[in-house]
Structure formats: C-alpha cells, structure tokens
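Secondary and tertiary structure notes
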Amino acid sequence: MQRLALFDLDNTLIDLDSAFQIWVREFAGERGLGREAVDWLIALDREGFPHREVFFTKLREHFVLPDSVEELWHDYRNRMPHLVRCRPEVLDGLAELRANGWMVGIVTNGTADNQLGKIQRTGLAEAVDAYALSGVEGIRKPETGLFEIAAKRCGASLTGGGWMIGDHLVADIGGGQAAGLRTIWIGRRTWPDHEHTADHVVTDVLRAMDILYDLGE
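Residues numbered from 1 in each chain as written. Predicted model: local features only at pLDDT ≥ 70, side-chain atom pairs only at ≥ 80, totals over all residues. Heavy atoms only, no water.

1. Looking at the overall build of the chain
- From N to C terminus, the chain includes eleven helices and six strands.
- Taking 217 residues into account, the globule formula puts the C-alpha radius of gyration at 17 Å, and the chain, at 18 Å, falls close to it.
- A principal-axis box enclosing the C-alpha atoms of the chain has dimensions of 55 × 35 × 30 Å.
- Buried positions account for 49% of the 217 residues belonging to the chain.
- Carbon and sulfur atoms provide 47% of the accessible area of the chain, an area that totals close to 10500 Å².
- Side-chain charges of the chain comprise 23 positive and 34 negative groups, with the mean position of each set lying 2 Å from the other. (Helix = DSSP H or I, 4+ residues; strand = E, 2+ residues; numbered from the N terminus. Rg over C-alpha atoms; globule rule 2.2 N^0.38 Å. Buried < 20%, exposed > 50% of the residue type's maximum accessible area, 1.4 Å probe, protein only. Areas by Shrake-Rupley, 256 points an atom, 1.4 Å probe, with all protein chains shown as cover. Lys, Arg positive; Asp, Glu negative; His and termini not counted. Charge placed at Lys NZ, Arg CZ, Asp CG, Glu CD.)

2. Section: the sheet that holds strand E6 (residues 200–202)
- With parallel pairing, six strands are arranged side by side in an open sheet as E3-E2-E1-E4-E5-E6. In this open sheet, the two edge strands, each paired with only one partner strand, are strand E3 (130–133) and E6. Averaged over all pairs of adjacent strands, the angle between their axes in this sheet comes to 20 degrees, without regard to strand direction.
- Relative to E3, strand E2 (residues 103–108) runs parallel, the two being bridged by four bridges. Bridge pairing in E3 links Gly 105 to Ala 130.
- This element, helix H10 (residues 169–178), spans strand E4 (163–166) and strand E5 (182–186) of the sheet and lies at about 165 degrees to E5. (Pairing = 2+ DSSP bridges. Axes fitted to C-alpha atoms, helices over the stretch in contact; angles between N-to-C directions. Contact = heavy atoms within 4.5 Å.)

3. Here we look at the environment of Arg 140
- In this structure, Arg 140 sits in the loop between helix H8 (134–137) and helix H9 (144–153).
- For Arg 140, a relative accessible area of 42% translates into the label partly exposed.
- As for Arg 140 and Ala 171, which are separated by 31 residues in sequence, their C-alpha atoms are 8.2 Å apart.
- Setting aside residues no more than four positions away along its own chain, Arg 140 makes contact with Asn 109, Gly 110 and Ser 134.

Take a look at the structure:
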C-alpha cells in the first residue's frame, strides 16, 4: 500500500470546538447578551446542525438580532480563521510523516473562504502536500470525488490505497472506506445511530500519526 495519508481538518488537525467557544464568548460579549447566551449558543452548536446557515437562522430568531443571516454567517467565517490553532506537535508530526516518505493531504468540507483561511493561518498550507476543499471543488465528503482530487494533488491515486483520518463517521470514515482507503477514527464522541467500522480508533490525531509511523517502519 502506498504511503498516502489524508486528514480531515476541523477537530482532527485543528481544534474547532475550542475556537468556537472563544467565538461564542466574543459574540455574546460584544452584543451584551450575557452568560446565559453563551450556554445557549454552545448547546445549540452541540445539536449538530448540518450547516451554519441553520445555526445562524436560529440564533438570529432567538435573540431578535437586526443582522441578516448572511451577515452573521459572513462575519463568523471571517473571524474563525483567526481563532483556530494547530498545535506545534501536530505540525511537527506532519513534517515527520513527509520526511519518511508519506504523501500528506487535507480533505475538508466547508466554505472556501473559511476553510482556506484556517489552513493558511495555522501553517497547515505549508505542512501538507495538497488539500481539497468542498467549497472550491463543489463536491462534499463522503463523495469519493473529493478524496480523488486530494490524492491526485499529492501525486497519488486512490487505486494505490492509503489512509483517511478524521472525526466524522460518515464523511471521513464512511467516505474514506468508499474511496478504498483504510481509516483511523478520531472518536471523541458517541454516534448512537452509527456503528464504526474504522481500522483504528484513537482520541487524538497524534496517536493516529503514531500508527502511520509504525506502518512505515
């Protein structure tokens, strides 16, 4: 099997949940919404809406805000790339994988401006061989086309196999398997309606990298 490792972005390589909580506190503070608003927004996020436009529609209605949903969503996308962080040890791990002959890519769903901003501002753009964004390509995980684009940009083909690492059982694990890849699930939360069929389950992307290192020895 070729040394191809494709990684999800949010809550895999970067800690989106922590960045979101920072944004919530900023948002509530700037608008004088109070502590209860912070708890309400975090709870709303945990309900797992499929798109942020739904989230901001509910937010706008609940707090009777004058801003349009489009304005709220736009401001959020502009702010988040400044709040997310990629741990230095994660960047080091990616560098070590590449130094050991791995082709490394990012496969992420999301709007082009938001996801590209995160990749560029965290240093991940220089830490990987390539990336494929659904907001640019018009294809979303779990569709195999997005994996194919990332693999090709890494100089590989899905026919040679490889690995997909991510936290979403459907988009990352199911999508990766459909693309012919082995998978490592970053399993930090339960999925009551889904059974995982990943090759490995870890709680931190660094442990996933350890597994890849061991395979490459």
